[in-house]
Amino acid sequence: MSLADDWAQSADKQESVLSSKVGGLQLGAGDAPAAENGAADDVGSAADSSLLQKVIRTGLIKNKNDIEVQRSDPNSPLYSIKSFEALNLRPELLKGVYAMGFNAPSKIQEMALPILLADPPQNLIAQSQSGTGKTAAFVLAMLSRVDITKNYPQVLCLSPTYELALQTGDVAQKMAQYCPDIRIKFAVRGEELARGSHLDEHIVIGTPGKVLDWGIKFRFFDIKKISVFVLDEADVMISLQGHQDQSIRIHKMVPKSCQMLFFSATYNTEVMNFAEAIVSNPVIIKLKREEESLDNIKQYYVDCQSEEAKYQAISNIYGVITIGQAIIFCHTKRTASWLSNKMIQDGHSVALLSGELTVEQRISVLDRFRDGKEKILITTNVLSRGIDVEQVTIVVNFDLPVDQTGAADCETYLHRIGRTGRFGKAGIAINLVDGRRSSNAVLQQIVQHFGRKIHKLDVEDVDEIERINKD
Ligand code: ADP
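Small disclaimer: the values here were computed from a predicted structure and weren't measured. (Residues numbered from 1 in each chain as written. Predicted model: local features only at pLDDT ≥ 70, side-chain atom pairs only at ≥ 80, totals over all residues. Heavy atoms only, no water.)

Next up on the list: the packing of helix 12 (residues 307-320) against helix 17 (residues 462-470). Between helix 12 and helix 17, the least distance of the axes is 9 Å, while the angle of their chain directions is 70°. One way to sum up the angle between helix 12 and helix 17 is to call them roughly perpendicular. Here the hand of the crossing between helix 12 and helix 17 comes out right-handed. Facing helix 12, whose interface residues are Asn-316, Ile-317 and Val-320, helix 17 presents Val-462, Ile-465 and Glu-466. (Axes fitted to C-alpha atoms, helices over the stretch in contact; angles between N-to-C directions. Helix = DSSP H or I, 4+ residues; strand = E, 2+ residues; numbered from the N terminus. Parallel < 35°, antiparallel > 145°, perpendicular 65-115°, else oblique. Left-handed = near helix turned anticlockwise from the far one by under 90°. Contact = heavy atoms within 4.5 Å.)

So, in structure tokens, the structure goes:
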């Protein structure tokens, strides 16, 4: 049985438990339980990290990536647009796009928008990294597909969490700021409707459980009248069993003619197979990921005998060189909070980001750091990827990243230290090795894996420290 069949069947079985799952869509519902003291502080849920990525990458549009397009009929023409004018949007909508500061389409938008707006509608499966303009693209399509003479939901967008749904809705409201006639409704927790209500909004943006409740259980709107169906963060949706089942049930109810649009930052093979199985005849667009590399990173290690010594190493470095902003990675939240207290006592402005914070708290910590309100961000693995804070000059591994077996986690190392090279700025990485054999072994594994030397740094030697900033 194919994965899609499998899922479709399990979705059918889920029918009766549907509404009990809806209540589960709480803020940060997917959060990993707070780590025990001393235990590794792990990455939160996939949905949380998507949200954090969005926050981190606000305003970043990268156009250097290569794009790959697959379609079942290679003879059908494929357009790309270089300007928003070329899309023949409603003037008010175009005005909204410009008011958001978008002058030209991003790479993914160049390719996706003509497909999104094609007549007859075309199905699309699109993949590109967070921050490349996917949301803006599908929101623009959603808005431009609305027929304002019809007072019922025509466009349905599913997001995995409350926060992501709200983020998308926020973009839609901004883009539609000169189109007051387009109405949007959020189908998320906290939004309640009286029995017998009928939505007259054109666009529904929501989480799957609530959308199912509204569309099927209470019939607040007619899913059969939906002509555009967007699955945002498709990978997250599909990886969460409950959401997957609910999305399938919704998908089954939309008419065959409905335009299906799947967007995601990643698609593993399973998710892609699934997407292709349920989206008929899609155009598939993939924006190649910009590879991170260690090319402009100077890597050092410091031999330390204890956590105190590690702390002393950081103090010495700070005492000698002026550092823009720094991120310090710790293995456990206990170490992270101990370190941040110590640094605060020493008069440093420090932000602490760890897994026990709510999503809102994490966003606020990141916003402050990005605005430069704090110079040092101490974090656990909750932030191993995606932080493109340009001004970060030094990354310190207070603890080297290891996997569950204690071996070097080279992928995480690369995400912490690596740069995509687009800023062209050199970075400095400092690894604090605690003198134990295991820690040295991890360092050696990293050296071997990347084939790059990690230089020893003597933090008692002021000249040597000064040199790292000058070389
Ligand atoms: P994604 O959904 O791929 O994560 P977004 O659509 O959220 O990307 O876009 C990332 C950031 O770039 C947002 O802050 C958004 O407002 C901005 N943005 C999107 N498209 C453009 C554009 N064409 N020009 C300038 N900025 C854009």
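For the structure on display, the rule yields seven aromatic pairs. Taking the centre distance of 6.5 Å and the plane angle of 80° together, the rings of Phe-84 and Tyr-98 count as edge-to-face. Remark: Tyr-98 occurs in helix 4 (residues 91-99) and Phe-84 occurs in the loop between strand 1 (67-71) and helix 4; sequence separation between them is 14 residues. The class for Phe-84 is buried, based on a relative accessible area of 2%. Note on Trp-214 and Phe-220: the rings are 6.0 Å apart at their centroids and 70° apart in plane angle, and the pair reads as edge-to-face. (Phe/Tyr/Trp six-rings, centres within 6.5 Å; stacked < 30°, edge-to-face > 60°. Buried < 20%, exposed > 50% of the residue type's maximum accessible area, 1.4 Å probe, protein only.)

Here helix 7 (residues 162-175) spans 20 Å end to end across 14 residues, near enough to the 20 Å set by a 1.5 Å rise per residue. Among all positions in helix 7, only Glu-163, Leu-164, Ala-165, Thr-168, Gly-169, Ala-172 and Met-175 are buried. (Expected span 1.5 Å × (residues − 1).)

In this structure, Leu-116, Leu-124, Leu-140, Ile-203 and Ile-205 are the most contacted members of the largest nonpolar core, which totals 44 residues. If one sorts the elements of this core by residue count, helix 6 (residues 134-145) sits on top with eight residues. By size, the runner-up hydrophobic cluster in this structure holds 33 residues, among which are Ile-248, Phe-262, Met-272 and Phe-274. (Core = buried A, V, L, I, M, F, W, Y, C linked by side-chain atoms within 4.5 Å.)

Pairing within the open sheet is parallel, and its seven strands lie in the order 11-12-10-13-14-9-15. The sheet is open, and its two borders are formed by strand 11 (350-353) and strand 15 (455-456), each paired with just one other strand. Across four bridges, strand 13 (residues 392-397) lies against strand 14 (residues 427-433) in parallel orientation. Pairing of Val-396 across the sheet is with Ile-430, part of strand 14. On the sheet, helix 13 (residues 333-345) packs against strand 10 (325-329), strand 11 and strand 12 (376-379) and is oriented at approximately 170° with respect to strand 11. Docked against the sheet, helix 14 (residues 359-370) engages strand 10, strand 11, strand 12 and strand 13, running at close to 150° with respect to strand 11. (Pairing = 2+ DSSP bridges.)

Turning our attention to the side chain of Asp-232. Within the secondary structure, Asp-232 is located in the loop between strand 6 (228-231) and helix 9 (234-239). Using a relative accessible area of 3% as the deciding quantity, one classes Asp-232 as buried.

Before going further, it helps to spend a moment on the pairing of strand 14. In terms of burial, strand 14 is largely enclosed, as seven of its seven residues are buried. Both faces of strand 14 are covered, namely the face carrying Gly-427, Ala-429, Asn-431 and Val-433 and the face carrying Ile-428, Ile-430 and Leu-432. Summarising the sheet, strand 9 (residues 297-303) and strand 14 pair through seven bridges and their orientation is parallel. When the sheet's bridge partners are listed, Tyr-300 is paired in strand 14 with Ile-430.

Here we come to the environment of Tyr-152. Its location among the elements puts Tyr-152 in the loop between helix 6 and strand 3 (155-158). For Tyr-152 and Glu-201, which are 49 residues apart along the polypeptide, the C-alpha to C-alpha distance reads 5.5 Å. If sequence neighbours within four positions are ignored, Tyr-152 has contacts with Leu-199, Asp-200, Glu-201, His-202 and Lys-225.

Because side chains alternate across strand 4 (residues 184-187), one face comprises the buried residues Ile-184 and Phe-186, and the other comprises Lys-185 and Ala-187, equally buried. Where strand 4 lies against strand 5 (residues 203-206), four bridges are found, and the strand directions are parallel. Paired with Phe-186 across the strands is Ile-205, a residue of strand 5.

In the predicted model, the protein chain carries a mean pLDDT of 82, and 81% of its residues have values of at least 70. Within the protein chain, helix 2 (residues 18-22) has the poorest average pLDDT of any element, 25, and strand 5 the best, 98. Counting interchain partners and residues more than four positions distant, the pLDDT-below-50 stretch residues 1-37 has 61 contacts. (pLDDT = per-residue confidence, 0-100.)

Tallying each qualifying case throughout the model produces 16 salt bridges. When the shortest N-O distance is used, the salt bridge between Asp-181 and Arg-90 registers 3.1 Å. Taken as a pair, Asp-181 in the loop between helix 7 and strand 4 and Arg-90 in the loop between strand 1 and helix 4 lie far apart in primary sequence, 91 residues in all. Using a relative accessible area of 27% as the deciding quantity, one classes Asp-181 as partly exposed. For Lys-373, the salt bridge identified is with Asp-371, shortest N-O distance 3.7 Å. Its relative accessible area of 52% is what places Asp-371 among the exposed residues. Among the charged side chains, a network of salt bridges with common partners joins Arg-90, Glu-92 and Asp-181. (Salt bridge = Lys/Arg side-chain N within 4 Å of Asp/Glu carboxyl O.)

Omega for the bond connecting Asp-119 with Pro-120 falls within 30 degrees of zero, at 0°, which places this linkage in the cis form. Along the polypeptide, Pro-120 turns up in the loop between helix 5 (107-116) and strand 2 (124-127). The phi angle at Arg-219 is positive, at roughly 50°, despite the residue not being glycine. Mapped onto the fold, Arg-219 is located in the loop between helix 8 (208-217) and strand 6. A relative accessible area of 52% means that Arg-219 is categorised as exposed.

Relative to the 20 Å expected for 14 residues at 1.5 Å per residue, helix 16 (residues 437-450) spans 20 Å between its end C-alpha atoms, a close match to the ideal helical length. Those residues of helix 16 that fall on the buried side of the exposure criterion are Ser-439, Val-442, Leu-443 and Ile-446. End-on, the buried residues of helix 16 take up no more than an arc of 100°, which puts them together on one face. Residues of helix 16 that are exposed and point over 90 degrees away from its buried face: Arg-437 and Gln-448. On its buried side, helix 16 packs onto strand 9, helix 15 (410-417) and strand 14. (Arc of directions from axis to C-beta.)

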